[in-house]
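One-letter residues, chain by chain:
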Amino acid sequence: MQIGARFATWGLGLFIFGVFLTFGIVAHYCVGARWPTGELFMQNITLWWACPWTLSVAAVQAGGLGMVALGLTSMVASRAGSADDAKGSGALWLCVIGLLGVFAVGYPGYFVFDAIWPGYYYSPVAIGKNAWLLGQALFIAIFFTGAVVMFAAVSRALKTVGEAA
């Protein structure tokens, strides 16, 4: 029950944090891109139309909601008589580290990468863009690992509840 509550609490907090981060995207659209966007940039839809923080904000928001769902489901299973908090503790921290890491690389890390490879996001500086995206992918994978571990624990708990009924 405790891990489920912590998952839900962290998930809600990270979701609200993601909503707050959206103001940065809005400000970016109001101010405009720091670097000129050329023809190649306009052809590359994978850059999420001119805002570099979209991926990290979406990952934090969606991941936070996923944590809430896993936490609440775990709490329901615990109330029904199947409690296995020990396995969810590591999963919680993998999820939290994953979402905070994708934020750190994708949002403030954007400026660090931009200092190393000026304009990497808006021009074809593949090494900078790929390093930045792979950093985010690493933390998304860490989150995903935690979510899978928690999903497995919640699934086992729900199966136990189903067998007892």
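The model shown is predicted, which means the values in this text are computed figures rather than measured ones.

Rules used in this analysis
- Numbering of residues starts from 1 in each chain and follows the order in which that chain's sequence is written.
- Reporting in this predicted model follows two pLDDT cut-offs: at least 70 for local features of residues, and 80 or more for side-chain atom pairs to be given and counted; totals over whole chains, interfaces and linings ignore these cut-offs and use all residues.
- Excluding hydrogens and water, the side-chain figures rest on all heavy atoms present in the structure.
- Take the buried residues of types Ala, Val, Leu, Ile, Met, Phe, Trp, Tyr and Cys, join any two whose side-chain atoms come within 4.5 Å, and each joined set is a nonpolar core.
- Each residue is assigned to one of three classes by its accessible area relative to the maximum for its type, calculated with a 1.4 Å probe on protein chains only: buried under 20%, partly exposed between the two thresholds, exposed over 50%.
- Every helix listed is a DSSP run of H or I at least four residues long, and every strand listed is a run of E at least two residues long, numbered separately from the N terminus.
- Working convention: axes come from line fits to C-alpha atoms, limited for helices to the stretch in contact. Angles between N-to-C directions cover 0 to 180 degrees.
- Two residues qualify as a contact provided that any one of their heavy atoms is within 4.5 Å of a heavy atom in the partner residue.
- Under the convention adopted here, Pro, Cys and the residues Ala, Val, Leu, Ile, Met, Phe, Trp and Tyr are nonpolar, Asp, Glu, Lys and Arg are charged, and Gly plus all remaining residues are polar.
- Working rule for helices: expected span equals 1.5 Å times residues minus one.

Draft legend 1. Structural view of the nonpolar core. Residues Phe7, Trp53, Met67, Tyr110, Trp132 and Met150 are the most contacted members of the largest nonpolar core, which totals 31 residues. For this core, the elements supplying multiple residues, two or more each, are helix H1 (2–31), helix H3 (54–79), helix H4 (88–106), helix H5 (108–116) and helix H6 (126–164). When residues in this core are grouped by element, the largest group, eight residues, is from H4.

Draft legend 2. Molecular detail of the packing of H4 against H5. Look at H4 against H5: their axes get within 3 Å of each other, and the N-to-C directions meet at 35°. Residues Phe103, Ala104, Val105 and Gly106 of H4 form the contact with H5, whose participating residues are Pro108, Gly109, Tyr110 and Phe113. Its residues assigned to classes, the contact of H4 with H5 shows six nonpolar, two polar and no charged.

Draft legend 3. Local environment of H4. Given a rise of 1.5 Å per residue, 19 residues ought to cover 27 Å, and the 27 Å separating the end C-alpha atoms of H4 matches this to within 8%. Listed as buried for H4 are Gly88, Ala91, Leu92, Cys95, Val96, Gly98, Leu99, Gly101, Val102, Phe103, Val105 and Gly106.

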